Amino acid sequence: MRYEGDIYRPPSEAYSLLVQVTIGCTHNKCTFCKMFKDKKFRVRKLEEVLEDLAWARRRYRRVDRMFLCDGDALALSNNRLMPILKYIADNFPECERVTIYGRATDVLKKTDEEMRELYEAGLTMVYLGAESGSDKVLKDICKGETREQLIEGVKRIEACGMKASVTFISGLAGKDGWEDHAIQTGTMISEMEPSYVGLLTLIVEPSVPMAKDIESGKMKLLTADEVMAETLLMLENTNVTKKCVFRSNHASNYVSLRGDLPYDKEKMMATLRKAMENHDMFKDERFRAL
């Protein structure tokens, strides 16, 4: 496989074949993110993508999963995505799922029929970074999407048959906005009802714009205890009516949580309360990572 620059994938795609169909991110303005800052967005030529897939077919006896990257490959039109999905279906019949990074605005630009077409062609899940349910926080981090757009985008993903895996970030609003961030994120999850939710904890790299706000004192980072309180408040305000797999077991997190909402909500909240009383449960800062 040919790759350009650093390649990022969700933790659950650790054993997937990574296929770079776009380079970089169409938005690339989020103040906390450095993932694609060294890349200018462009679309790879179809023949290059198909050549890489053909190389993988010759090399691997089985490919059970594929992940289409970079940052928001769902930005591609169906005319560009469908030939890739068809090639995968024709040449990798054993492949159980094909997934992709996307933005809510990518989804909203497609019709319901186009989303269904992608699903029927084999695209099974969209990974979407919502980051926060608060419009204020979304504006502050230059997300380029609103709460309403994020909710509608996830609903449309789920409605067409695909699953949505949505990521949020603890500590993203700092000390001044943590309650709003927690409450609005909980109610957002309740409204959008995604199949999966992943919760990371903020780690700010020196090179990202947010680092300047921290250095100047404009933003004050949460302590581990405060992250627990924020997560607890978020879960208190999360009330889904269908199963939602909840994971807060990323390398960035202080305490690992695994459960299904709404069934395991009280158990996870009890774990957070216990951690707030017993700091030995916190991951050492030396071992936290993006």
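Residues numbered from 1 in each chain as written. Predicted model: local features only at pLDDT ≥ 70, side-chain atom pairs only at ≥ 80, totals over all residues. Heavy atoms only, no water.

Quick notes on the pairing of strand 5 (residues 97-102)
Next, step 1: Burial runs high along strand 5: six of the six residues are buried.
Next, step 2: Because side chains alternate across strand 5, one face comprises the buried residues R97, T99 and Y101, and the other comprises V98, I100 and G102, equally buried.
Next, step 3: Examined bridge by bridge, strand 4 (residues 65-69) and strand 5 share four bridges and lie parallel to one another. Of the residues in strand 5, the one forming a bridge with L68 is I100.
Next, step 4: Handedness of the crossover joining strand 4 and strand 5 through helix 2 (residues 78-91) is recorded here as right-handed. (Buried < 20%, exposed > 50% of the residue type's maximum accessible area, 1.4 Å probe, protein only. Helix = DSSP H or I, 4+ residues; strand = E, 2+ residues; numbered from the N terminus. Pairing = 2+ DSSP bridges. Right-handed = clockwise from strand over helix to strand, strands pointing away.)

Points about the packing of helix 7 (residues 174-192) against helix 9 (residues 224-236)
Next, step 1: As a packed pair, helix 7 and helix 9 sit with axes 7 Å apart at the nearest point and diverge in direction by 30°. Looking at the two axes, helix 7 sits roughly parallel to helix 9. You can see that helix 7 and helix 9 cross each other, and the crossing is right-handed. Of the residues in helix 9, those in contact with K175, W178, E179, H181, A182, I183, T185, G186 and I189 of helix 7 are E226, A229, E230, L233 and M234.
Next, step 2: When its residues are assigned to classes, the contact of helix 7 with helix 9 shows seven nonpolar, three polar and four charged. (Axes fitted to C-alpha atoms, helices over the stretch in contact; angles between N-to-C directions. Parallel < 35°, antiparallel > 145°, perpendicular 65-115°, else oblique. Left-handed = near helix turned anticlockwise from the far one by under 90°. Contact = heavy atoms within 4.5 Å. Nonpolar A, V, L, I, M, F, W, Y, C, P; charged D, E, K, R; others polar.)

What to know about the side chain of D52
Next, step 1: Assignment of secondary structure puts D52 in helix 1 (residues 46-59).
Next, step 2: Here D52 falls in the buried class, since its relative accessible area comes to 4%.
Next, step 3: At a separation of 2.9 Å, a polar atom in the side chain of D52 contacts the side chain of R2.
Next, step 4: A polar atom in the side chain of D52 sits 2.9 Å from the side chain of R44.
Next, step 5: Excluding its chain neighbours within four sequence positions, the residues that come into contact with D52 are M1, R2 and R44. (Polar contact = N/O pair within 3.5 Å; in protein donor to acceptor, adjacent residues only side chain to side chain.)

Considerations on the layout of surface pockets
Left-over empty space is what a probe sized like a water molecule reveals as it rolls over the atoms.
Next, step 1: Computed from the structure, the second largest pocket encloses a volume of approximately 350 Å³.
Next, step 2: Tallied by class, residues from the lining of the second largest pocket come to six nonpolar, three polar and eight charged. (1 Å grid on protein atoms, 1.4 Å probe; cavity = no way out; pocket = protein on both sides within 12 Å on 5 of 7 lines; lining within 4 Å. Points joined across faces, edges and corners; volume = space filled by probe spheres on them.)

Brief notes about the packing of aromatic side chains
Next, step 1: One pass over the full model with this rule turns up six aromatic pairs.
Next, step 2: Ring geometry for Y254 and F282: centres 6.2 Å apart, planes at 55°, overall tilted. Here Y254, found in the loop between strand 9 (244-248) and strand 10 (257-261), pairs with F282, found in the segment after helix 10 (265-277); they are 28 residues apart in sequence, far enough to count as distant. F282 matches Y254 in its accessibility class, with the two residues each being buried.
Next, step 3: An aromatic cluster is defined as three or more aromatic residues linked by ring pairs; in this entry it consists of F67, Y101 and Y127.
Next, step 4: Above the face of the Y254 ring, R288 is positioned so that its terminal group lies 4.2 Å from the ring centre. (Phe/Tyr/Trp six-rings, centres within 6.5 Å; stacked < 30°, edge-to-face > 60°. Lys NZ or Arg CZ within 6 Å of the ring centre and 35° of its normal.)

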